[in-house]
Amino acid sequence: MKTFFSLMLAASLLLSKQTFAQDKSLVNTSQSPYAKLKTLDMGDVQWTTGFWAERFRVCKESMVPHMMGKYLDPDVSHAYRNFEIAAGKEHGDHAGPAFHDGDFYKMLEGMIMVWSSSRDAQTEKQIDSIIETIARSQRPDGYIHTPVVIKELQNSQDKKAFGERLDFETYNMGHLMTAACLHYRLTGKKNLLDVAIKATDFLYDFYKRASAELARNAICPSHYMGVVEMYRTTRDPRYLELAKNLIAIRSLVENGTDDNQDRVPFLKMDKAIGHAVRANYLYAGVADIYTETGDDSLMVTLDKIWHNLTESKMYITGGCGALYDGVSPDGTSYVPEYNQKVHQAYGRDYQLPNLTAHNESCANIGNILWNWRMFLATGEARFADVMELTMYNSLLAGVSLDGKGYFYTNPLCVNHDIPFTLRWSKQREEYISFCNCCPPNTIRTIAEISNYVYTTSEKGLWINLYGANKLESKLSGGEPIRLEQKTDYPWNGKIVVELQECPVKPFSIFLRIPGWATKAEIKVNGKQQNIAAQPGTYAELSGNWKKGDLIELNLPMEAQLIEANPLVEEARNQVAVKRGPVVYCIESTDIPANRRIFEYTIPVNTSFKPKETTISDSRIIALEGTVELMPNESWSGQLYRPVSTKKNAVKLRLVPYYAWGNRGKGDMSVWLPVSK
């Protein structure tokens, strides 16, 4: 045994002396042969003013310190204490869900990302101390999972590695890998990366020994993304081999389930099915594998699933996973063992309830992760459109404006008159004791959004998202570029890009024209450009650029009434209001106390006008317009009644969906009846 540990120590020392690629991007496609676009280094983009600067400030000053404080407090969360016990620093039993490790890795990733904007020495010291504890909790063979490690320290036979399908080992390791790559790229330190390398080596060796068992335990597969990112960091070909085989071994699963996306082999899938979080993580990981291998069969399958999602299963907010619990396959069989219960399920095509919508925040974030990787692979604006929609709506709805409260689910309607209790709270919580996976995921995503703004290709620079920021980076050929983006987006559709340094040789600048922007206009140095600016595409501006050049993109932002496909029963004969990328809702706070949100109808010719206001110290743009108010008649004891023709014209204020629930307990709805 002593010889074994001596060998492990020697291997660790050798590992710590290795150096790897220093590309510092969040998702590193700099050497991905089948990625059309390359990502920029973390830190190249700095928010200056406006919407995302405010959200990042709240993330830095409130979200990270409050949530990390709760994770470090064993009386609130046992996640870090589990690592301390596994490391031999504390005594006790494991407490909390099996995926607690992964949630803590996500929180650590968010903390590291925010730290990188200030490089605060005290925070860096705290991060290193946490990493030291994590490293000590790892077994010599690389396996790391505190529920099992703690039991082994207690000489218990109750748990063993990969002994339980729902023990989330690979999910936890996947988030370790992602956090470790980010930490290494931002700091150059290998203390966390060494832990991730040992874990990835363990998975590779375990796959060689027991591939069917690994396939059976691939619950919530964040490790697909993690293993690919480890390959991109280390260039170890074994990791790419493992990533490719992770797809192939799914066909080895016997009695698979849609709850884990393994009832059928991946290449036979053509719809978004099953558990929405696990599905979106799978799709994101497969997209990563495509950019490294160019396996067209993967992209064909992903594209089918994407169309099914966006054309029949995604909410207007970008939310995913309509049902608390579904049955799959639904309606095709009465054989009990064939029909399966699926938690937070995608459900049927067009099955999009509002009051009982699940839309777990992690599923919505998975939607961003997947579409980002599809965008990097293809350069197609449709994927960036979905990312933006999700960011401004279902992502931000998951956290309060002050950064202290969180939703697990994100319904599109809340009504406190319903005579039953839903599983999850209708109000944000500071720590979701039953399952706190969403808050750290939300925090790290908001901290990292600046990394999605720009990409490069051989032709030039791509501007994917709009928000006031400064860019200092390099084009794909290594030429330096500096610019500033000035805008009040998403409240105002005017975007000005000022070039401050650029190559002498000609290159192109690509501007994303959002799918909702039907009358986009582009000017360069004050001159109107006669180029295609079609919604849902990128407009290419090519030529010789110089310092001081000004590009102006104008995206008219009129409030639009949006209707759903009539097959969506829950939204038929109703409309939602959308302005730019922001979806709006009615909130009971903005109507008289004796009125209910369902008493308001929106005439089809209603014109909503923007009105600046403040909620929870956050500047927002509300919408105000004239609507119709129906009689305030009680429904007590009635299921049906004749339609009333009485109605009055009244003023109504709508607020952004993401801002609802920040003014106390109340009702809310995105969809409202429409009158013609």
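Preceding block: the structure.
Here goes a summary of the coordinates provided.

What counts and how
- Residues numbered from 1 in each chain as written.
- Predicted model: local features only at pLDDT ≥ 70, side-chain atom pairs only at ≥ 80, totals over all residues.
- Heavy atoms only, no water.
- Buried < 20%, exposed > 50% of the residue type's maximum accessible area, 1.4 Å probe, protein only.
- Helix = DSSP H or I, 4+ residues; strand = E, 2+ residues; numbered from the N terminus.
- Pairing = 2+ DSSP bridges.
- Contact = heavy atoms within 4.5 Å.
- Axes fitted to C-alpha atoms, helices over the stretch in contact; angles between N-to-C directions.

**Observations concerning the pairing of strand 17 (residues 574-579)**
Most of strand 17 sits out of view: six of its six residues are buried. Residue alternation in strand 17 divides its side chains into two sets, Gln-574, Ala-576 and Lys-578 and Val-575, Val-577 and Arg-579, and both sets are buried. Bridge count for strand 16 (residues 560-562) against strand 17 is three bridges, and the pairing is antiparallel. From the neighbouring strand, Leu-561 faces strand 17, where its bridge partner is Val-577. Here two bridges tie strand 17 to strand 24 (residues 672-675), and the two strands are oriented antiparallel to one another.

**As for the sheet that holds strand 8 (residues 469-474)**
Here we have seven strands laid out as an open sheet, ordered 2-8-9-10-15-12-13, and antiparallel in their pairing. Looking at the sheet topology across the chains shown, the edges are occupied by strand 2 (45-47) and strand 13 (527-528). With three bridges connecting them, strand 2 and strand 8 associate as antiparallel partners. In the sheet register, Val-45 faces strand 8, and the bridge partner there is Leu-471.

**What to know about the environment of Pro-603**
With respect to the secondary-structure elements, Pro-603 resides in strand 19 (residues 600-603). On the basis of relative accessibility, which here comes to 12%, the residue Pro-603 falls in the buried class. Residues Pro-603 and Val-575, 28 residues apart in the sequence, show an inter-C-alpha distance of 9.7 Å. Once you skip the residues sitting within four places of it in the chain, Pro-603 turns out to touch Leu-561, Thr-626, Val-627, Glu-628 and Ser-675.

**Things to note about the sheet that holds strand 7 (residues 460-463)**
Strand order across the open sheet formed by five strands is 1-6-7-11-14, with mixed pairing between neighbours. Only two strands of the sheet have a single neighbouring strand rather than two, namely strand 1 (38-39) and strand 14 (537-543). With four bridges connecting them, strand 6 (residues 454-457) and strand 7 associate as antiparallel partners. Bridge pairing links Tyr-454 to Ile-463 in strand 7. With respect to the sheet, helix 13 (residues 361-378) is in contact with strand 1, strand 6 and strand 14, its orientation differing from that of strand 6 by roughly 25°. Lying over the sheet, helix 14 (residues 381-397) contacts strand 11 (507-513) and strand 14, oriented at roughly 50° with respect to strand 11.

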